[in-house]
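This is what each chain is made of:
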Amino acid sequence: MSKVALITGITGQDGSYLAELLLSKGYEVHGIVRRVALEDETHRLWRIRKILNDITLHSGSLESYARIFNIVLKIKPDEIYHLGAQSYVGYSFEDEFSTFSMNINGTHYMLSAVKEFADKKVKFYFAASSEMFGKVKQPHQNENTPFHPRSAYGISKVTGYHLVKNYREAYNLHASNGILFNHESPRRGFEFVTRKISHGVARIKKGLQKKIKLGNMKSRRDWGHAKDYVNAMWLMLQQDKADDFVIGTGKQNSVEDFAKKAFDHVGLNYKDHIIIDKNLIRPAEVDTLLADYSKAKKLLKWEPKITFDDLVANMVEEDLKSLS
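Every chain is numbered on its own, with residues counted from 1 as its sequence reads. pLDDT decides what is reported in this predicted model: residues at 70 or higher carry local features, side-chain atom pairs at 80 or more are listed and counted, and totals for whole chains, interfaces and linings draw on all residues regardless. Remark: hydrogens and water are excluded; side-chain values derive from all non-hydrogen atoms of the structure.

### What about the overall build of the protein chain?
Reasoning step 1: The numbering of helices and of strands both runs from the N terminus, where a helix is a DSSP run of H or I of at least 4 residues and a strand a run of E of at least 2. The number of helices and strands found in the protein chain is 10 helices and 13 strands.
Reasoning step 2: What the globule rule says is 2.2 Å times the number of residues to the power 0.38, and the radius of gyration is computed from C-alpha atoms. At 19 Å, the protein chain has a C-alpha radius of gyration in line with the 20 Å of a compact globule built from 324 residues.
Reasoning step 3: Summary of the burial criterion: residues with accessible area below 20% of their type's maximum are buried, those above 50% are exposed, and those between are partly exposed, where the area comes from a 1.4 Å probe applied to protein chains only. Among the 324 residues that make up the protein chain, the fraction classed as buried is 53%.
Reasoning step 4: Residue contacts follow a heavy-atom distance rule, with two residues in contact if any of their heavy atoms lie within 4.5 Å. Excluding contacts between residues fewer than 6 apart, the proportion of contacts in the protein chain whose partners are at least 24 apart in sequence is 79%.
Reasoning step 5: For the protein chain, the exposed surface amounts to about 14900 Å²; the carbon and sulfur share of it is 50%. Where accessible areas are quoted, they stem from the Shrake-Rupley method and a 1.4 Å probe; at the residue level, only the protein chains shown are allowed to cover.

Right under this line is the structure:
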């Protein structure tokens with residue numbers, strides 16, 4: 001009998017790759033979306049358009065406990081992957097309230113619903129974030145690194161992380177935190193800096209625009225490919241014991257490095273096409289993040305397969321293709 005999985009945030013970058021991975025493993029896949037409408041297929045559902053006939057979508061809001069409870073009761077999942085959130089750090093400075101409401105309450109509601117079905121031993125995954133580390137005081141971050149979030153988004157993820165740990169310890173739930181460092185792909189939202197760069201490079205190469213506006217070019221991140229990272233999520237829920245895992249590449253590059261490689265890929269000099277816009281610099285910046293994923297490597301037998309160079313090339317190529 002097939003395992004049943006429920007994914008919140010199934011229309012997002014990670015949700016779409018995870019749904020494809022689970023389908024390839026023979027799962028029955030369900031997802032929660034705000035609403036289901038035919039016109040969404042080319043807009044909000046574009047990442048899962050090719051698998052729409054293979055999955056089941058349920059209309060519902062993460063801010064409605066009653067709806068979440070009823071969906072979990074109806075499908076009785078073996079595994080829940082809670083990826084749904086207000087996930088853009090920049091927007092969390094503009095609207096802290098909706099970020100807190102969706103990210104904290106949504107996680108609490110999901111955990112509470114799982115607790116009510118504890119006899120089924122539902123396995124639960126929470127999408128924590130490297131943004132929880134924020135203002136770091138050590139070069140590498142692992143599962144024991146103190147948190148110092150620098151945004152409403154980071155704070156909401158720290159709260160979700162502790163909710164998961166509390167439910168795991170208090171109610172013996174199989175609930176794991178995946179502390180994922182930055183992971184990108186051609187399915188990344190256009191509001192994120194990596195996609196802003198790759199799409200901008202493609203448009204410049206095609207003669208559709210001349211410049212890209214960026215903020216802090218010196219910000220350094222540990223960037224991997226989302227396709228690799230969803231496999232780590234799945235591996236966490238295959239363990240006998242729930243735990244928390246840092247997922248990253250252990251390698252670091254700056255926003256400037258990303259831009260340079262993206263422009264190099266199409267034979268252009270990035271310095272000719274970048275404008276620094278101080279309005280894009282956040283009130284509180286996270287200057288550097290770098291993963292120590294040794295625990296995941298040892299216990300999950302997980303390692304990233306796609307290099308930074310291949311990630312950048314993949315994103316630029318797909319954006320070029322989309323403009324053809």
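Past the structure itself, the notes keep going.
### Considerations on the packing of helix α8 (residues 255-265) against helix α10 (residues 308-322)
Reasoning step 1: Only the contacting stretch of a helix is used when fitting its axis, a line to C-alpha atoms as for every element, and angles between N-to-C directions run 0 to 180 degrees. Contact geometry for α8 and α10: axes closest at 9 Å, N-to-C directions at 55°. The angle between the axes of α8 and α10 places the two elements in the oblique class. In this structure, α8 crosses over α10, and the sense of that crossing is right-handed. Facing α8, whose interface residues are F258, K261, A262 and H265, α10 presents F308, D309, V312, A313, M315, V316 and E317.
Reasoning step 2: Classification used: nonpolar for Ala, Val, Leu, Ile, Met, Phe, Trp, Tyr, Cys and Pro, charged for Asp, Glu, Lys and Arg, polar for all others including Gly. Partitioning the contact of α8 with α10 into residue classes produces 7 nonpolar, 1 polar and 3 charged. Small angles under 35 degrees read as roughly parallel and large ones over 145 as roughly antiparallel, with 65 to 115 read as roughly perpendicular and the rest as oblique. Two helices cross in a left-handed way if the nearer one is turned anticlockwise from the farther one by less than a right angle. They cross in a right-handed way if the turn is clockwise.

### Comments concerning the side chain of S130
Reasoning step 1: Mapping S130 onto the fold places it in the loop between β5 (123-129) and α5 (152-171).
Reasoning step 2: In this structure S130 comes out as buried when scored by relative accessible area, which is 2%.
Reasoning step 3: Here S130 is in contact with I179, L180, F181, N182 and L289, once residues within four sequence places are set aside.

### A short note on the packing of aromatic side chains
Reasoning step 1: Paired rings are identified among Phe, Tyr and Trp, the last through its six-membered ring, by centres lying within 6.5 Å, and are further divided according to the angle between planes into stacked (under 30 degrees), edge-to-face (over 60) and tilted (the rest). What the rule picks out here adds up to 12 aromatic pairs.
Reasoning step 2: The interplanar angle of 40° and the centroid separation of 6.2 Å between the aromatic rings of Y81 and Y125 together place this pair among those described as tilted. Residue Y81 is located in strand β4 (residues 79-82), and its partner Y125 is located in strand β5; the two are separated by 44 residues in the primary sequence.
Reasoning step 3: On the basis of an interplanar angle of 45° and a centroid distance of 5.5 Å, the ring pair of F133 and F147 is categorised as tilted. Linking F133 in the loop between β5 and α5 with F147 in the loop between β5 and α5, this pair joins segments that are 14 residues apart in sequence.

### Here's the deal with the nonpolar core
Reasoning step 1: Only buried residues count toward a nonpolar core, which is a set of Ala, Val, Leu, Ile, Met, Phe, Trp, Tyr and Cys residues joined through side-chain atoms within 4.5 Å. I7, L18, L22, Y81, Y125 and I247 are the most contacted members of the largest nonpolar core, which has 35 residues in total.
Reasoning step 2: Secondary structure elements with two or more residues in this core: β1 (4-8), α1 (13-24), β2 (28-33), β5, α7 (226-236) and β11 (244-247).
Reasoning step 3: No other element matches the 8 residues that α7 contributes to this core.
Reasoning step 4: When residues no more than four places from it in sequence are discounted, the contact partners of L22 are A5, I7, Y27, V29, Y81 and W234.

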